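This is what each chain is made of:
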Amino acid sequence: MKTVLAIDIGGTFTKIGIVDDKGKILASQVFGTRAKEPFETYLKELIPNIHRLMDTSKSQAKPLAVGIGAPNANSLTGQIENPPNLNWGKEIPLAKSITTALNLPVYIANDANAAALGELHFGMAKGMRNFVVLTLGTGLGSGIVVNGNLLLGEHAQAGEIGHVNVDPNGRYCNCGLQGCLETYASVTGIKRTVFELIAEMREDSPLRSISFEDLTGETIAKAALDGDLLALRAFSITAEILGSKMADTVAHLDPEAFILAGGLSKAGDILLQPVIASMEKNLFVAYKGKIRVYLSDAPRNAAILGPAALAWSNIS
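Source: prediction; values computed, not measured.

## Some points on the overall build of the protein chain
Thinking step 1. Secondary structure summary: the protein chain contains eight helices and 13 strands in total.
Thinking step 2. For 316 residues, the compact-globule estimate of 2.2 N^0.38 gives 20 Å, and the protein chain sits close to it at 19 Å.
Thinking step 3. When its C-alpha atoms are laid out on the principal axes, the protein chain stretches across 55 × 45 × 35 Å.
Thinking step 4. Taking all 316 residues of the protein chain together, the buried fraction comes to 52%.
Thinking step 5. Long-range pairs, those at least 24 residues apart, make up 62% of the contacts in the protein chain between residues at least 6 apart in sequence.
Thinking step 6. Of the accessible surface of the protein chain, which amounts to about 14400 Å², a share of 51% is contributed by carbon and sulfur atoms.
Thinking step 7. Between the averaged position of the 28 positive side-chain charges in the protein chain and that of its 31 negative side-chain charges there is a distance of 4 Å.

## Some details on the pairing of strand 9 (residues 131-136)
Thinking step 1. By the criterion of burial, strand 9 is predominantly enclosed, with six of the six residues buried.
Thinking step 2. With burial as the criterion, each face of strand 9 is covered, one bearing Phe131, Val133 and Thr135 and the other bearing Val132, Leu134 and Leu136.
Thinking step 3. As defined by bridge partners, strand 9 adjoins strand 10 (residues 140-146) across six bridges and the pair is classed as antiparallel. Paired with threonine 135 across the two strands is glycine 141, which belongs to strand 10.
Thinking step 4. Where strand 9 folds back on strand 10, the antiparallel hairpin that results is connected by three residues.
Thinking step 5. Sheet analysis places strand 9 next to strand 12 (residues 257-261), joined by five bridges and oriented parallel. Bridge pairing in strand 12 places threonine 135 opposite alanine 261.

## Quick look at unusual backbone geometry
Thinking step 1. Despite not being glycine, asparagine 82 has its phi angle at roughly 50°, a positive value.
Thinking step 2. Tracing the backbone through its elements, the reader meets asparagine 82 in the loop between strand 6 (79-81) and strand 7 (91-92).
Thinking step 3. Classification of asparagine 82 by relative accessible area gives partly exposed; the value is 49%.
Thinking step 4. At aspartate 254, a position not held by glycine, the phi torsion is positive, near 50°.
Thinking step 5. If you trace the backbone, aspartate 254 turns up in the loop between helix 6 (229-253) and strand 12.

## Remarks on helix 5 (residues 217-225)
Thinking step 1. By the burial criterion, the buried members of helix 5 are Gly217, Ile220, Ala221, Ala223 and Ala224. Projected onto a plane normal to the axis of helix 5, the buried residues spread over an arc of 160° and lie on a single side. Opposite the packed face of helix 5, turned more than 90 degrees from it, sit the exposed residues Lys222 and Leu225.
Thinking step 2. Of the residues trailing helix 5, glycine 227 is marked for its positive phi of about 90°.

## A short note on the sheet that holds strand 4 (residues 66-70)
Thinking step 1. Strand order in the open sheet made by the five strands is 3-2-1-4-8, with mixed pairing throughout. Both outer strands of the open sheet, strand 3 (25-32) and strand 8 (106-110), are each paired with one neighbouring strand and no more. Across this sheet, the average inter-strand angle for adjacent strands is 15°, counted without regard to direction.
Thinking step 2. Pairing geometry for strand 1 (residues 3-9) and strand 4, over four bridges, is parallel. Opposite leucine 5, over in strand 4, you have valine 66 as the bridge partner.
Thinking step 3. On the sheet, helix 3 (residues 111-122) packs against strand 1, strand 4 and strand 8 and is oriented at approximately 105° with respect to strand 8.

## Quick word on the nonpolar core
Thinking step 1. Of all hydrophobic cores here, the largest spans 45 residues; its most connected members are Leu134, Phe235, Leu242, Phe258, Leu260 and Leu271.
Thinking step 2. A per-element tally of this core places helix 6 first, with 10 residues.
Thinking step 3. Those residues in contact with leucine 134 that lie beyond four places of it in its chain are Leu140, Gly141, Ser142, Ile161, Leu242, Met246, Phe258, Ile259, Leu260 and Ala261.
Thinking step 4. Counting 32 residues, the second largest nonpolar core, distinct from the first, contains Ile16, Leu43, Ile47 and Ala73.

## A word on the packing of aromatic side chains
Thinking step 1. Tallying each qualifying case throughout the model produces six aromatic pairs.
Thinking step 2. Between phenylalanine 39 and tryptophan 88 the ring centres are 5.3 Å apart and the planes differ by 55°, which places this aromatic pair in the tilted class. Separated by 49 residues along the polypeptide, phenylalanine 39 in helix 1 (residues 39-56) and tryptophan 88 in the loop between strand 6 and strand 7 bring together distant segments of the chain.
Thinking step 3. By way of ring pairs, the aromatic residues Phe31, Phe39, Tyr42 and Trp88 are connected into one cluster.
Thinking step 4. Above the plane of the ring of phenylalanine 212 lies lysine 191, whose end atom (NZ or CZ) is 4.4 Å from the centre.

Parameters at a glance
- Residues numbered from 1 in each chain as written.
- Predicted model: local features only at pLDDT ≥ 70, side-chain atom pairs only at ≥ 80, totals over all residues.
- Heavy atoms only, no water.
- Helix = DSSP H or I, 4+ residues; strand = E, 2+ residues; numbered from the N terminus.
- Rg over C-alpha atoms; globule rule 2.2 N^0.38 Å.
- Buried < 20%, exposed > 50% of the residue type's maximum accessible area, 1.4 Å probe, protein only.
- Contact = heavy atoms within 4.5 Å.
- Areas by Shrake-Rupley, 256 points an atom, 1.4 Å probe, with all protein chains shown as cover.
- Lys, Arg positive; Asp, Glu negative; His and termini not counted.
- Charge placed at Lys NZ, Arg CZ, Asp CG, Glu CD.
- Pairing = 2+ DSSP bridges.
- Arc of directions from axis to C-beta.
- Axes fitted to C-alpha atoms, helices over the stretch in contact; angles between N-to-C directions.
- Core = buried A, V, L, I, M, F, W, Y, C linked by side-chain atoms within 4.5 Å.
- Phe/Tyr/Trp six-rings, centres within 6.5 Å; stacked < 30°, edge-to-face > 60°.
- Lys NZ or Arg CZ within 6 Å of the ring centre and 35° of its normal.

Below you can see the structure in the form of structure tokens.
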């Protein structure tokens, strides 16, 4: 059986998997990324985990290649460059390090670009030619497909929608800028919103007893589903900001659809419906009623399908 090794490096967790050419995940594993520790420390955990995964895979054959999705990964240089949520340095030789360790061809891409390829080959975007994937996790990533091809740009860095400006005097971002979209529309962003609302609102809420470190997007979503006013307000604010910036993106790209993925998307209609309302309110009239917005229907471990699609697209 022919397979590839897929690696999704997030700001909080790393997901690895063995995937066949139909998108079937034969084995997978998740472990902490250790984003605040040196890259060498991360490698010392990643490589043994990969070997254990390959040993337990249903496929006995060695993977044909490795696909990696990572924040600020540059497919032209093979490096992660200036990642705002990883304290690993300015230029991390990711592809070279993995090639040396595993003796396999390695293909890397920005994590959201990889996610867009995963949706195109295995997910919601099958048959689409123009769409945008927004990954709402620790930060906000975006992958853009135009006329059936991934949009890379001159420096392979196209699609940093998470770092468009919401408010010049707004929240400080790990990238060094102020008021970036991902400081509002991401798991980290909605957590910051919740803590601002705790100071502003009088209503009782179970979220008041949870520390910032322990608070998760799932916890906020559950509170909102249970009717908690503070959580519902947090989602309303997040959706208003995200939808308005999606409307701006429509003016640039005229996509047929947005696909929302990542941890925050698991909130379902509590996020989706107000996002659509905000986007429609802010759309130029020529686009109104034409742009679809979906929640990714990929399973929880499907973040690795993007890097898998990246690997298959390079060796097929």
